[in-house]
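The chain contents come next:
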Amino acid sequence: MSRYQELKFQAVTAFQRRVGNPVTTRLPGQVLLETTGRTSGLPRRTPVGGRRTGNEFWLVSEYGVRSQYIRNIQADPRVRVRIHGRWHTGTAHLVPEDDAVARLKTLPRLNSAAVRAFGTNLLSVRVDLDE
């Protein structure tokens, strides 16, 4: 990762951790991804932008395996996703062979624009929903 990308990563993640995520997590319409903390074992909720297609939910991580929720998925792929205020359980799969830029074009526009603008290592994630 270049020096610019590293500084960008640090600035964006600090903002998200301290300001963005605490605010957006409380919004009623916000889609949330709940993982299990790989060290603490506690539920960790992250606001995400994605789309449900049948029994799959797709999202794109802006920092790939550097994202904390991706590391949590690697340790325990069982997740929950809150869509339209309702929680769904499922199993998350990292899909590095998927074209993340093309995937963003199928997801909600505002979030996709932010992921493209701030992301440095895009990674597609598919959650296979249980129901």
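Higher on the page you've got the structure.
Because the structure is predicted, anything quoted here is derived from the model rather than measured.

Conventions we followed
Residues numbered from 1 in each chain as written. Predicted model: local features only at pLDDT ≥ 70, side-chain atom pairs only at ≥ 80, totals over all residues. Heavy atoms only, no water. Phe/Tyr/Trp six-rings, centres within 6.5 Å; stacked < 30°, edge-to-face > 60°. Lys NZ or Arg CZ within 6 Å of the ring centre and 35° of its normal. Salt bridge = Lys/Arg side-chain N within 4 Å of Asp/Glu carboxyl O. Helix = DSSP H or I, 4+ residues; strand = E, 2+ residues; numbered from the N terminus. Buried < 20%, exposed > 50% of the residue type's maximum accessible area, 1.4 Å probe, protein only. Pairing = 2+ DSSP bridges. Axes fitted to C-alpha atoms, helices over the stretch in contact; angles between N-to-C directions. Contact = heavy atoms within 4.5 Å.

**Some points on the packing of aromatic side chains**
Going through the model one piece at a time under the given rule, you end up with 0 aromatic pairs. The ring of Trp 87 carries Arg 80 above its face, with NZ or CZ at 4.1 Å from the centroid.

**Brief notes about the pattern of salt bridges**
Applying the stated rule across the entire model yields 6 salt bridges. Close ionic contact of Arg 126 with Glu 56 constitutes a salt bridge, the shortest N to O distance being 3.9 Å. Taken together, the residues span a long stretch of sequence, with Arg 126 in strand 7 (residues 123-129) and Glu 56 in strand 4 (residues 56-61) at a distance of 70 residues. Taking relative accessible area as the criterion, Glu 56 reaches 29% and is therefore assigned partly exposed. Here Arg 126 makes a salt bridge to Asp 128, at a shortest N to O gap of 2.8 Å. A network of salt bridges, in which partner residues are shared, links Glu 34, Arg 45 and Arg 80.

**Digging into the sheet that holds strand 5 (residues 78-83)**
One open sheet accounts for 7 strands, arranged 2-1-5-6-7-4-3; its pairing is antiparallel. At either end of the open sheet lies a strand with only one pairing partner, and these are strand 2 (43-47) and strand 3 (50-53). Strand-to-strand twist across the sheet, computed as the mean angle between neighbouring axes with direction ignored, equals 30°. Bridge count between strand 1 (residues 32-36) and strand 2: 5 bridges; the pairing is antiparallel. When the sheet's bridge partners are listed, Glu 34 is paired in strand 2 with Arg 45.

**Side note on the environment of Leu 123**
Considering the arrangement of structural elements, one finds Leu 123 in strand 7. For Leu 123, a relative accessible area of 9% gives the class buried. When the C-alpha atoms of Leu 123 and Glu 62 are compared, they prove to be 6.8 Å apart, with 61 residues separating the residues in sequence. The residues touching Leu 123, leaving out its near neighbours within four places in the chain, are Leu 59, Val 60, Ser 61, Gly 64, Val 65, Ile 70, Leu 94, Val 95, Pro 96 and Ala 100.

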